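Descriptive analysis of the structure
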Amino acid sequence: MIENLEDEILELKAKRNAIILAHYYQNQEIQEIADFVGDSYELSKIAKNNSADVIVLCGVRFMAESAKILSPHKKVILPAINAGCPMADMANAPSLNKLKNEHKNAKVVCYINSSVEVKALSDACCTSSNAVKIVKNIDSNDIIFLPDKNLGSYVKEQVPNKNIILWNGFCRVHDMVTPENIIEAKKLKENLKVLVHPECSYNVRELADFIGSTASMIRYVSSDKDTCEYLIVTETGIMYKMREANPDKKFHTLNKMICVNMKATKLEDIYLSLKNMTNEINIEESIRKKAFDALNNMLILGR
Ligand code: 13P
Ligand code: SF4
């Protein structure tokens, strides 16, 4: 029986010179123990620029893989080793190669929510916070964008002068939100501002007052001077940091928006993987190098 899991983790963290990174969708106790909580873009930047020997990535597989791609000499641990992103699994290397052959002039921009093999075949990665910028800045008029059709169509609306070829992937958590969900919530609260993640469908985004990544939603609310209430249309885990940053504001969520993969990490998983140094992510070096170029291009083009 472990007396105090948090203390044990902190002790192991010091012993291993480890850093704990968590995504906003993680369970509250994980966010509380993390050294840094952020969106996919922020987590990738920290993964690249820190002096730890071990990165414990509390999130899903593509996040831990991205950390390993960017920091190959560090040990990267994914405590919930089976936590994947179903949307990332909707794209694979053979299908992408086929599409590339059909559009030989196109450059490939892949959402960071993708496998290392897909990243290795891409010219640049992006996250929801910089997708528009990356597509604008990449030196091609024809762009294959994958795997998220919703984020891709949002980018298409923002960059109408480019020819963007979409993939048919989506995030179930965001794609299942309907316009009716928003309309119903607005009926109940007159003075409601709606913040929507770009992984939601066009019909939902159309009803938004603000569209952006998890981190930009928090920034938006923090700097908003209106006296209103907010409907936050993304995974409900974001509410921990949202409320912490805005203790005087009132929020509503759609309770069905839960990503089971993001919720898979438990304190015990962190403790056991740090104690036994298990659940490590390893990537074959030739693939890692190619995926590195795509991720690094994101960090350059997104500056
Ligand atoms: P962010 O890039 O906004 O953190 O989103 C990641 C994600 O998985 C959204 O579902
Ligand atoms: Fe993947 Fe959606 Fe979960 Fe994000 S919320 S990790 S896109 S399944």
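Here the structure is a predicted model, which is why all the values come from computation and not from measurement.

What counts, and where the lines are drawn
- Residues numbered from 1 in each chain as written.
- Chains lettered and ligands numbered in written order.
- Predicted model: local features only at pLDDT ≥ 70, side-chain atom pairs only at ≥ 80, totals over all residues.
- Heavy atoms only, no water.
- Helix = DSSP H or I, 4+ residues; strand = E, 2+ residues; numbered from the N terminus.
- Rg over C-alpha atoms; globule rule 2.2 N^0.38 Å.
- Buried < 20%, exposed > 50% of the residue type's maximum accessible area, 1.4 Å probe, protein only.
- Contact = heavy atoms within 4.5 Å.
- Areas by Shrake-Rupley, 256 points an atom, 1.4 Å probe, with all protein chains shown as cover.
- Lys, Arg positive; Asp, Glu negative; His and termini not counted.
- Charge placed at Lys NZ, Arg CZ, Asp CG, Glu CD.
- Salt bridge = Lys/Arg side-chain N within 4 Å of Asp/Glu carboxyl O.
- Near = heavy atom within 4 Å.
- Polar contact = N/O pair within 3.5 Å; in protein donor to acceptor, adjacent residues only side chain to side chain.
- Pairing = 2+ DSSP bridges.
- Axes fitted to C-alpha atoms, helices over the stretch in contact; angles between N-to-C directions.
- Patch = residues over 30% accessible without salt bridge, like charges linked within 9 Å, V, L, I, M, F, W, Y side chains within 5 Å.
- Phe/Tyr/Trp six-rings, centres within 6.5 Å; stacked < 30°, edge-to-face > 60°.

1. Thoughts on the overall build of the protein chain
- Along its length, the protein chain carries 15 helices and twelve strands.
- Against the compact-globule benchmark of 19 Å for 303 residues, the protein chain has a radius of gyration of 19 Å, which places it among compact chains.
- Principal-axis analysis of the C-alpha atoms places the extent of the protein chain at approximately 55 × 50 × 30 Å.
- Across the 303 residues in the protein chain, those meeting the buried criterion constitute 57%.
- For the protein chain, the share of sequence-separated contacts (at least 6 apart) that also reach a separation of at least 24 residues comes to 63%.
- Accessible surface for the protein chain amounts to roughly 13400 Å². Of this, 48% is attributable to carbon and sulfur atoms.
- For the protein chain, the centre of its 39 positive side-chain charges and the centre of its 39 negative side-chain charges are spaced 5 Å apart.

2. Notes on unusual backbone geometry
- Cis rather than trans, the peptide bond between Leu-146 and Pro-147 has omega equal to -5 degrees.
- Along the chain, Pro-147 falls in the loop between strand 7 (142-146) and helix 8 (149-158).
- Within the chain, Asn-279 stands out as a residue other than glycine whose phi angle is a positive 60 degrees.
- Structurally, Asn-279 is set in the loop between helix 14 (267-276) and helix 15 (285-301).
- On the accessibility criterion, Asn-279 (25% relative accessible area) is partly exposed.

3. Digging into the pattern of salt bridges
- Applying the stated criterion across every chain, the model contains 13 salt bridges.
- With its nearest N and O atoms 3.6 Å apart, the salt bridge here joins Glu-280 to Lys-75. With Glu-280 in the loop between helix 14 and helix 15 and Lys-75 in strand 4 (residues 75-77), this residue pair connects regions lying 205 residues apart in the sequence.
- For Glu-280, a relative accessible area of 27% puts it in the partly exposed group.

4. What about the site of ligand 1?
- Neighbouring residues of ligand 1: His-23, Tyr-25, Asp-39, Ser-40, Asn-113, Ser-128, His-174, His-197, Glu-199, Ser-213 and Thr-214.
- Asn-113 has a polar side-chain atom sitting 3.2 Å from an oxygen atom of ligand 1.
- Contact distances for ligand 1 include 2.9 Å between an oxygen atom and a side-chain N or O atom of Glu-199.
- Summarising the interface, the protein chains cover 96% of the accessible area of ligand 1, which totals 300 Å² for the free molecule.

5. With respect to the sheet that holds strand 8 (residues 163-166)
- Spatially, four strands are ordered 6-5-7-8 in an open sheet, and the strand pairing comes out parallel. In the strand order of this sheet, the two ends are held by strand 6 (124-126) and strand 8, each with one partner. Here the average twist between neighbouring strands, direction ignored, is 30 degrees.
- In terms of strand pairing, strand 5 (residues 107-111) meets strand 6 through three bridges, oriented parallel. Paired with Cys-110 across the bridge in strand 6 is Cys-125.
- Those strands touched by helix 8 are strand 5, strand 7 and strand 8, and its axis lies near 170 degrees from that of strand 8.

6. Topic: the side chain of His-174
- Inspection of the secondary structure puts His-174 in helix 9 (residues 172-175).
- Using a relative accessible area of 1% as the deciding quantity, one classes His-174 as buried.
- Within the structure, the side chain of His-174 is placed 2.8 Å from the side chain of Thr-234, a separation counted as a polar contact.

7. Here's the deal with a negative patch on the surface
- Where like charges cluster on the molecular surface, the negative patch consists of Glu-6, Asp-7, Glu-11, Glu-29, Glu-32 and Glu-268.
- Within the residue set of the negative patch, elements represented by two or more residues are helix 1 (5-16) and helix 2 (28-33).
- In terms of residue count, helix 1 provides more of the negative patch than any other element does, three residues in total.
- Along the chain, the position of Glu-32 falls in helix 2.

8. Details of the packing of aromatic side chains
- A complete count under the given rule lists two aromatic pairs for this structure.
- Relative to Tyr-220, the ring of Phe-210 lies with its centre 4.5 Å away and its plane at 25 degrees, an arrangement referred to as stacked. Remark: Tyr-220 occurs in helix 12 (residues 214-223) and Phe-210 occurs in strand 10 (residues 210-211); sequence separation between them is ten residues.

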